[in-house]
Amino acid sequence: MEHFSSHFELVSLTSVCLFQYMSGFGNEFSSEDPRCPGALPDGQNNPQVCPYGLYAEQLSGSAFTCPRPTNKRSWLYRILPSVKHKPFTPVYCGNITESWNEVEPDPNQLSSSQILSYVIFQGLNTICGAGDAKSRNGIGIHMYTCNTSMTDRCFNNSDGDFLIVPQQGNLLITTEFGKMMVEPNEICVIQQGMRFTVDVYGETRGYILEVYGAHFELPDLGPIGANGLANPRDFQCPAAWYEDRTVHTGYTVINKYQGKLFSCQQDFSPFNVVAWHGNYTPYKYNLEKFMAINAVAFDHADPSIFTVLTAKSTRPGVAIADFVIFPPRWGVAENTFRPPYYHRNCMSEFMGLIKGHYEAKEEGFLPGGGSLHSMMTPHGPDAYCFEKNSMADLEPERVAEGTMAFMFESSFSMAVTKWALETCQRLDKTYYQCWEPLRSHFNPNFRPSHK
């Protein structure tokens, strides 16, 4: 990676393919494809005639009257406007759903093995969720599997934002703002209404967190101070790139709208934005750059210290969804059971594993799998983990080395889909057995020592 200025990185991915990124989170960016210098209008957004004969189009990610800190929009200067298309018609939704009443509620601890490998939107499988896209309040958790690139097709989510967590295989994501290469151990966010297409290079698998009605933001740091966790400078958004390509056989735009899929046809590539400016953009982040904070004396700090991004609700301190990771770090707490504690939570917790072994369940929880611990459902370390760590010598040690587990945590009580419980046939019905060997250590004759 070669740094050629304080704000840009030029990354050579192949001998003929260069990608340019701008660093920062929620910044006011501006970018124009170097093939068309001066494509951004000077001093105004919507001149009578745009440079190069381009069309001006605004993409709004918030209401016009939102306060400045939460007001999101970008201006796109494109060869043809996105309004030029044939009518949308319904298409088969596959395993994408927003029907949360397909099966009866199940409060048990749930775990699934790897989902096997489709074109990405055809391989999008809804695991669980809650709320409603129509009322702009809710969440969906999906897993994707694909082995075919989206040739002359793009996807547009009118319902909410996608936070994409690749687990296997690189994703070359082309957006209206430019290109991003997203690899396992990185994440990307494609915000509501942004069109994108995905190229893959073999079997590809990962997780998607979808939120309706809010955008992801960095968590407040409170007494941590000004620095720490995911630092804004480590987020990257793509620089402008365009193609002026006529597609005589038809270009298909897939639109997710109110939980259903629709498609329309047009005869040109939608990635025809020559220049843009604004603060409403796609972006990516490398999880290795997360600055972990941990307890250095005794006991646990709560896992909220590992929050990368949050989508806030209207209740202070309560999230529609948090994206939390459990990265490699040092464990030094004294006289402490160091793995995660046993817990019943007023939040729902969906766990995933990108690589390695999760510290609280070293066996049976595989990369590409997932678990759901629903609201107030007990969970915690398995019996082996408890016994091992209750007797361990408490020396400073590296925790989760070579591992990256994550959690989608939500204030919603999530319903599990029929596909996840039955159709996919990956549900581990023996999951509860990992706690069966837990035994009583109660000693009524114990007397505390007096120091």
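Residues numbered from 1 in each chain as written. Predicted model: local features only at pLDDT ≥ 70, side-chain atom pairs only at ≥ 80, totals over all residues. Heavy atoms only, no water.

- Looking up the protein chain in an unreviewed UniProt entry gives the name Homogentisate 1,2-dioxygenase, with the organism given as Neogobius melanostomus.
- If you open the UniProt record of the protein chain and go to Pathway (unreviewed entry), you find "Amino-acid degradation; L-phenylalanine degradation; acetoacetate and fumarate from L-phenylalanine: step 4/6."
- UniProt's Cofactor (unreviewed entry) comment on the protein chain is quoted here verbatim: "Fe cation". (UniProt positions renumbered as here; feature names shortened; annotations may be inferred.)

**Regarding the overall build of the protein chain**
- If you tally the helices and strands in the protein chain, you get 2 helices and 30 strands.
- Against the compact-globule benchmark of 22 Å for 451 residues, the protein chain has a radius of gyration of 23 Å, which places it among compact chains.
- Taken along the three principal axes of its C-alpha coordinates, the protein chain extends 85 × 45 × 45 Å.
- Counting all 451 residues of the protein chain, 53% fall into the buried class. (Helix = DSSP H or I, 4+ residues; strand = E, 2+ residues; numbered from the N terminus. Rg over C-alpha atoms; globule rule 2.2 N^0.38 Å. Buried < 20%, exposed > 50% of the residue type's maximum accessible area, 1.4 Å probe, protein only.)

**Focus: the environment of I224**
- Considering the arrangement of structural elements, one finds I224 in the loop between β17 (204-212) and β18 (235-238).
- Note on I224: relative accessible area 35%, which makes it partly exposed.
- Each C-alpha atom, one on I224 and one on I293, is 9.0 Å from the other, the two residues being 69 residues apart in sequence.
- Residues contacting I224, with those up to four places away along its chain left out, are L229 and I293. (Contact = heavy atoms within 4.5 Å.)

**Considerations on the pattern of salt bridges**
- Counted according to the given criterion, the structure contains 15 salt bridges.
- A salt bridge links D159 to K256; its shortest N-O distance comes to 2.8 Å. Of this pair, D159 sits in the loop between β11 (153-157) and β12 (161-168) while K256 sits in strand β19 (residues 246-257), and the two are 97 residues apart along the sequence.
- A salt bridge links E397 to R338, with the shortest nitrogen-to-oxygen separation between them at 3.3 Å. Here E397 is found in strand β28 (residues 397-399), whereas its partner R338 is found in the loop between β25 (329-331) and β26 (348-355), with 59 residues between them in sequence.
- Several salt bridges converge on common partners, so that one network encompasses E57, R78 and E176. (Salt bridge = Lys/Arg side-chain N within 4 Å of Asp/Glu carboxyl O.)

**Describing the UniProt feature "binding site: Fe cation" (unreviewed entry) in the protein chain**
- What UniProt calls "binding site: Fe cation" (unreviewed entry) maps, in this numbering, to H343, E349 and H379. A maximum C-alpha distance of 11.0 Å is found for the annotated residues, which run over 37 residues; spatially they form one tight group.
- Within the fold, H343 resides in the loop between β25 and β26.
- There is a polar contact of 3.5 Å between the side chain of H343 and the side chain of E349.
- Residues in contact with E349, not counting those within four places in the same chain, are H343, S371, L372, H373, H379, M407, F408 and E409.
- In this structure the side chain of E349 is engaged in a polar contact, spanning 2.8 Å, whose partner is the side chain of N345. (Polar contact = N/O pair within 3.5 Å; in protein donor to acceptor, adjacent residues only side chain to side chain.)

**Quick notes on the sheet that holds strand β23 (residues 307-312)**
- As summarised here, the arrangement of the 6 strands in space is β8-β27-β26-β29-β24-β23, forming an open sheet in which the pairing is antiparallel. The open sheet is flanked by β8 (110-112) and β23, the only strands paired with a single partner. Between one strand and the next, the sheet's axes are offset by a mean angle of 15°, whatever the strand orientation. (Pairing = 2+ DSSP bridges. Axes fitted to C-alpha atoms, helices over the stretch in contact; angles between N-to-C directions.)

**Let's talk about the sheet that holds strand β6 (residues 73-78)**
- Here we have 4 strands laid out as an open sheet, ordered β4-β21-β6-β5, and antiparallel in their pairing. Each edge of the open sheet is held by one strand with a lone partner, namely β4 (29-32) and β5 (55-60). Each strand axis lies, on average, 20° off the axis of its neighbour in the sheet, ignoring direction.
- With 4 bridges connecting them, β4 and strand β21 (residues 273-278) associate as antiparallel partners. When the sheet's bridge partners are listed, F29 is paired in β21 with G278.

**Brief notes about helix α1 (residues 383-390)**
- Taken as a whole, α1 has its buried residues at A383, C385 and N389. Down the axis of α1, the smallest arc covering the buried residues is 165°, so these residues share one side. (Arc of directions from axis to C-beta.)

**A few points about the packing of aromatic side chains**
- The full count for this structure, using the stated rule, is 19 aromatic pairs.
- Seen from their ring centres, F25 and Y283 are 5.2 Å apart, and the 70° between their planes marks the pair as edge-to-face. The exposure classification of F25 matches that of Y283, with both residues buried.
- Following the ring pairs from residue to residue traces out a cluster consisting of Y207, F323, F350, F406 and F408.
- The ring of Y242 carries the charged tip of R35 above its face, separated from the ring centre by 4.1 Å.
- Looking at K179, its charged tip hangs above the ring of W241, at a distance of 4.3 Å from the centre. (Phe/Tyr/Trp six-rings, centres within 6.5 Å; stacked < 30°, edge-to-face > 60°. Lys NZ or Arg CZ within 6 Å of the ring centre and 35° of its normal.)

**Overview of the side chain of E176**
- Here E176 shows up in the loop between β13 (171-175) and β14 (178-182).
- Among the polar contacts made by the side chain of E176, one reaches the side chain of R78 at a distance of 2.8 Å.
- For E176, the residues in contact, after removing those within four places along its chain, are L76, R78, G193, M194, R195, P270, F271 and V273.

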